[in-house]
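Topology and contacts: notes
Chain by chain, the residues:
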Amino acid sequence: MPNILLTRIDNRLIHGQVGVTWVNHLGANLIVVANDEVAEDEVQQSLMDMVVPDVIGTRYFSIQKTIDVINMAADDQLIFLVCRTPQDALKIVEGGVDIKKINIGNMHFAKGKQQVTSTVSLDESDKEAFRKLHKLGVKLEIRRVPDEKAQDITKFL
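Residues numbered from 1 in each chain as written. Predicted model: local features only at pLDDT ≥ 70, side-chain atom pairs only at ≥ 80, totals over all residues. Heavy atoms only, no water.

Focus: the side chain of aspartate 126
Note the cut-off: Comment: elements are numbered from the N terminus, with helices defined as DSSP H or I runs of at least four residues and strands as E runs of at least two. Contacts are assigned to residue pairs that have any heavy atoms within 4.5 Å of one another.
Inspection of the secondary structure puts aspartate 126 in helix α6 (residues 124-135). Setting aside its immediate chain neighbours within four residues, aspartate 126 contacts Pro86, Gln87, Met107, Lys113 and Ser121.

Listed below in structure tokens is the structure:
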């Protein structure tokens with residue numbers, strides 16, 4: 001079983017908070033980005049790698065490849081799994097990856113979305129994905145940074 005320290009939903013994927021603050025807090029040595037678009041885009045990967053310390057590994061996998069390979073992770077790989085959307089996280093869980101908790105960091109406001117906190121905006125598709133994750137027993141928390149008090153997202157669903 002992979003040693004997934006935390007799974008995070010953040011539409012920015014890897015940025016300063018993820019690449020430095022969360023990695024240090026968790027003690028992770030590998031960030032796995034599960035996103036179909038970024039898995040094919042070396043420019044985005046290079047930009048994200050620039051904010052990650054050299055001692056931290058990064059992998060950029062499609063959702064399906066994440067499902068297929070993450071259970072083969074070595075015991076010494078301390079994984080911080082990052083997804084862009086709750087729909088991607090749901091596919092990973094439904095694909096058999098054992099995720100107990102998801103941290104929701106940033107979901108930008110867009111047309112059709114309702115802002116529920118300063119950093120999280122949801123549409124009906126997002127809410128449905130979170131309801132399914134909750135029903136599957138995944139704990140869901142909104143928390144931008146490690147020292148911030150977590151909020152249960154289910155009160156907004």
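Some points on the sheet that holds strand β5 (residues 101-106)
Selection rule: Strand pairing is assigned whenever DSSP identifies at least 2 bridges connecting the two strands. In this analysis, axes come from line fits to C-alpha atoms, helices being fitted only over the stretch in contact, and the angle between any two N-to-C directions falls in the range 0 to 180 degrees.
Taken in spatial order, the seven strands line up as β3-β2-β4-β1-β5-β8-β9 in an open sheet, and their pairing is mixed. Two strands in the sheet have a free side with no partner beyond their single neighbour: β3 (57-61) and β9 (151-152). Bridge count for strand β8 (residues 139-142) against β9 is two bridges, and the pairing is antiparallel. Pairing of glutamate 141 across the sheet is with aspartate 152, part of β9. Against the sheet, α6 engages β1 (3-10), β5 and β8, with an angle of about 135° to β8.

Notes on unusual backbone geometry
Peptide bonds are, in most cases, trans, and in most cases residues other than glycine have a negative phi. Condition: Buried means the residue's accessible area, taken with a 1.4 Å probe over protein chains only, is under 20% of the maximum for its type, while exposed means over 50%, and partly exposed covers the values in between.
At leucine 13, a residue that is not glycine, the phi angle is positive and equals roughly 60°. Position of leucine 13 among the secondary structure elements: in the loop between β1 and α1 (16-26). A residue is classified by how much of its surface remains accessible, and leucine 13, at 0% relative accessible area, is buried.

Overview of the pairing of β5
Side chains on a regular strand alternate between the two faces of the sheet. Within β5, five of the six residues are buried, leaving the element largely enclosed by the surrounding structure. Sheet topology places β1 next to β5; four bridges connect them, and they run parallel. Residue arginine 8 lies in a different strand from β5, and its bridge partner there is asparagine 103. Where β5 meets β8, four bridges bridge the pair, whose relative direction is parallel.

Keep in mind that these numbers describe shape and distance, not what the molecule does.
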